[in-house]
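# Chain and residue survey
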Amino acid sequence: MPSHLVNKPVPGAREYYPLNEPEIGTFWGQGTDAPLLFKPLTIRDVTFKNRIWVVIIDFSDNGHATDWHLVHLGGFATRGVGAITVEATSVVPEGRISPEDAGLWTDTQIEPLKRVTSFVHAQGTKIGIQLAHAGRKASTHAPWVQRVAGRGAPFVALDDENGWPGEVYGPSNLSYKEGSYPDSKQMTESDINKVVDAFVASAGPILPVDFIEIHAAHGYLLHSFFSPLSNTRDDIYGGQPLENRLRVITTVVQKVREVWNKPLFVRISATDWAEGPEQGTDGKWLQWGIEQSKVLCARLQEIGVDLIDCSSGGNWAAQTIPIQPGYQVPFAAEIKKAIPSLLVGTVGLITEPEQAESYLQEGKADVVLLARALMRNPHWPLMAAQQLAARVKAANQYERAWVEVTTAIPAPPPR
């Protein structure tokens, strides 16, 4: 058989997969500029083939990845996303949000993760992991269990429900929501040091991923330390001095960067969405907001963070959020404007390709991170290519379903 007709395998894969040349989700149009969504992005030595990234929760078996991860995350890889982030992976057992969360506190959790990352890499997609500690929002039920219980029911996962309500920790003795969430114990300096060490241990060199994202958003442990609403300490980890409240996150990042030389991201909440101003007329910080976020992001860049994943909220149970398409994009845009050299990702009710492309074109962000839109339509990247009149590589096995995208450049939409 002529060599040009051989169905090439992916080199080094553990079993046969057809080789995609170029990689799935890569722009390969000629005579036209690629939409920014399909422009590659290189961070350190890692090149992401496009800027459509997915951040997604996958629930686990005592912290171990399962075949659900293989199928679910593998499906996104075969549909052309540029990067996949395994969300909310706890560095200690008591740092899980729910009993079914992913974890990285024991070596046995590495091997099943390797199986998933191996498949994703075979499809030409980058994959990372979001290291997390839920803090005072730990030991709560998975979302579908909460839905069955109904609105107003306690979210606490009790001891006989595989929970650990007596071992929930935060910066202060403040429950996220009295009666609905566990009581929180104020962490000692020893407790803090153990968590810092756990983040570092989870980021060790055997971790088989392309990047790490540290979760410092949504009211989880690291976010709760920098907000004055949840941190009422009066020691070196609290109080009005912003440096004190940022001490835990900066220590975690510095120490992780010492053992991790690949791309390092941090997810932040840019605001608590509490009523009233961020800062009082007397200069006292009243809640976490965008001005403190800019200071934090500048500091994180100084100590080695490559990209900020800009979200918001989750720390104040009485938060009021004006939810609408792109409602969190202005925060990403403000951080990008304040620190132009820092890469910024944006999230939040981004559903349409033209909408996502506009945020990149307007310089409000460098990448777009999706979750629910991709859960509803895993083929979103190819749909985006179709709507943006871009020629993009589909998986060999899917090309027949995307002839318009893979074999010809569609006519531009009427103006």
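Up top you'll find the structure we're talking about.
A short tour of the structure in this document, coming up. (Residues numbered from 1 in each chain as written. Predicted model: local features only at pLDDT ≥ 70, side-chain atom pairs only at ≥ 80, totals over all residues. Heavy atoms only, no water.)

## Let's talk about the overall build of the chain
As a reminder, the rule being used: Put simply, DSSP marks the helices as runs of H or I at least four residues long and the strands as runs of E at least two long, and each gets a number from the N terminus on. Atoms counted for the radius of gyration: C-alpha only. Globule rule: 2.2 Å times the number of residues to the power 0.38. Accessible area is worked out with a 1.4 Å probe on protein chains only. A residue is then buried under 20% of its type maximum, exposed over 50%, and partly exposed in between. Here the Shrake-Rupley method, with its probe set to 1.4 Å, supplies the accessible areas, and only the displayed protein chains count as covering residues.
Counting its regular elements, the chain contains 13 helices and 13 strands. Against the compact-globule benchmark of 22 Å for 415 residues, the chain has a radius of gyration of 22 Å, which places it among compact chains. By the burial criterion, 59% of the 415 residues in the chain qualify as buried. For the chain, the exposed surface amounts to about 18000 Å²; the carbon and sulfur share of it is 52%.

## Notes on the packing of helix H7 (residues 247–259) against helix H8 (residues 290–302)
Threshold: Between N-to-C directions, angles span 0 to 180 degrees; the directions come from axes that are lines fitted to C-alpha atoms, helices contributing only their stretch in contact. For this classification, under 35 degrees means roughly parallel, over 145 means roughly antiparallel, 65 to 115 means roughly perpendicular, and everything else is oblique. In this scheme, a crossing is called left-handed if the near helix is turned counterclockwise away from the far one by less than a right angle; it is called right-handed if the turn is clockwise. Here, residues are in contact when the closest pair of their heavy atoms is within 4.5 Å. Side-chain classes follow a simple rule in which Ala, Val, Leu, Ile, Met, Phe, Trp, Tyr, Cys and Pro form the nonpolar group, Asp, Glu, Lys and Arg form the charged group, and the remainder, Gly included, forms the polar group.
Orientation of H7 relative to H8, taken along the N-to-C sense of each, is 20 degrees, at an axis distance of 10 Å. Classified by the interaxial angle, the pair formed by H7 and H8 is roughly parallel. For H7 against H8, the interelement crossing comes out right-handed. Counted together, Ile-249, Thr-250, Val-253 and Gln-254 of H7 and Leu-296, Arg-299 and Leu-300 of H8 form the full contact between these two elements. Broken down by class, the residue content of the contact of H7 with H8 amounts to 4 nonpolar, 2 polar and 1 charged.

## Looking at the packing of aromatic side chains
Definition in use: Between rings of Phe, Tyr and Trp, where Trp is taken as its six-membered ring, a pair exists when centres lie within 6.5 Å; planes separated by under 30 degrees are stacked, by over 60 edge-to-face, and by other angles tilted.
Going through the model one piece at a time under the given rule, you end up with 12 aromatic pairs. Centre to centre, the rings of Trp-53 and Phe-211 are 6.3 Å apart; their planes meet at 25 degrees, and the pair counts as stacked. Of the two residues, Trp-53 sits in strand S3 (residues 52–56) while Phe-211 sits in strand S9 (residues 211–216), which places them 158 residues apart along the sequence. For the pair formed by Trp-53 and Phe-211, the shared burial category is buried.

## Describing the pattern of salt bridges
Defined as follows: Salt bridges are identified by distance alone: a Lys or Arg side-chain nitrogen within 4 Å of an Asp or Glu carboxyl oxygen.
Per the stated rule, a full pass over the model turns up 16 salt bridges. The partner of Arg-115 in a salt bridge is Asp-67, and the shortest N-O contact between them spans 2.6 Å. Placement of Arg-115 in helix H2 (residues 110–122) and of Asp-67 in helix H1 (residues 67–78) is noted, with a sequence separation of 48 residues between them. For Asp-67, a relative accessible area of 49% translates into the label partly exposed. Through salt bridges with shared partners, a single ionic network connects Glu-87, Glu-213, Arg-267 and Asp-309.

## Details of the pairing of strand S13 (residues 367–370)
Note the threshold: DSSP-based pairing: two strands are paired if at least 2 bridges between them are found.
The alternating pattern of S13 places Val-367 and Leu-369 and Val-368 and Leu-370 on opposite faces, both of which are buried. In the sheet, S3 pairs with S13 via 3 bridges, with the strands oriented parallel. When the sheet's bridge partners are listed, Trp-53 is paired in S13 with Leu-369. The sheet contact formed by strand S12 (residues 343–346) and S13 spans 2 bridges and is parallel. Paired with Gly-345 across the two strands is Val-367, which belongs to S13.

## Re the nonpolar core
Our working rule: What we call a nonpolar core is a set of buried Ala, Val, Leu, Ile, Met, Phe, Trp, Tyr and Cys residues that are connected through their side-chain atoms within 4.5 Å.
In this structure, Ile-214, Ile-249 and Trp-380 are the most contacted members of the largest nonpolar core, which totals 98 residues. Apart from residues no more than four positions distant in its own chain, Ile-214 is found in contact with Leu-131, Phe-199, Leu-222, Ile-249, Val-252, Val-253, Val-256, Leu-264, Phe-265, Val-266 and Arg-267. Ranked by size, the runner-up nonpolar core spans 14 residues in total, among them Phe-211, Phe-265, Val-367 and Leu-369.

## Quick notes on the packing of H8 against helix H9 (residues 329–338)
H9 packs onto H8 with a crossing angle of 50 degrees between their chain directions and a minimal axis gap of 10 Å. With respect to their mutual orientation, H8 and H9 come out oblique. In this structure, H8 meets H9 at a crossing whose hand is right-handed. The residues of H9 that touch H8, namely those facing Ile-290, Glu-291, Lys-294 and Cys-297, are Phe-331, Glu-334, Ile-335 and Ala-338. Its residues assigned to classes, the contact of H8 with H9 shows 5 nonpolar, no polar and 3 charged.

## Describing the state of the cysteines
Put simply, the rule is: Cysteine sulfur pairs qualify as disulfides if the two atoms are within 2.5 Å.
The final tally for this structure, using the stated rule, is 0 disulfides. Of the cysteine sulfurs around Cys-310, a residue in no disulfide, the closest is that of Cys-297, at 6.8 Å.

## Observations regarding the environment of Thr-406
With respect to the secondary-structure elements, Thr-406 resides in helix H13 (residues 403–407). With a relative accessible area of 3%, Thr-406 lands in the buried category. Spatially, the C-alpha atoms of Thr-406 and Ile-57 are 30 Å apart, while their sequence positions differ by 349 residues. Setting aside residues up to four positions removed in sequence, Thr-406 forms contacts with Trp-28, Arg-391, Val-392, Lys-393, Ala-394 and Glu-399.

## Things to note about H9
For H9, every residue scored as buried is listed here: Val-329, Phe-331, Ala-332, Ala-333, Ile-335 and Lys-336. Buried residues belonging to H9 abut strand S10 (264–269), H8, strand S11 (307–311), S12 and helix H10 (353–361).

## Things to note about helix H4 (residues 189–202)
How we decide: Multiply 1.5 Å by the residue count of a helix minus one, and that product is the helix's expected span.
With 14 residues, H4 should cover 20 Å at 1.5 Å per step; its first-to-last C-alpha distance of 20 Å lies within 8% of that length. For H4, every residue scored as buried is listed here: Ile-192, Val-195, Val-196, Ala-198, Phe-199, Val-200 and Ser-202. Taken together, the buried residues of H4 touch strand S6 (126–132), S9, helix H5 (221–226) and H7.

## With respect to the side chain of Gln-355
Quick note on the threshold: Polar contacts, as used here, are pairs of N or O atoms within 3.5 Å; protein pairs need one atom able to donate a hydrogen and one able to accept it. Residues neighboring in sequence count only if both atoms are side-chain atoms.
In this structure, Gln-355 sits in helix H10. Of the polar contacts made by the side chain of Gln-355, one reaches the backbone nitrogen of Thr-351; its length is 3.0 Å. Discounting residues that sit within four places of it in the chain, Gln-355 has contacts with Pro-325, Gly-326, Leu-349 and Ile-350.

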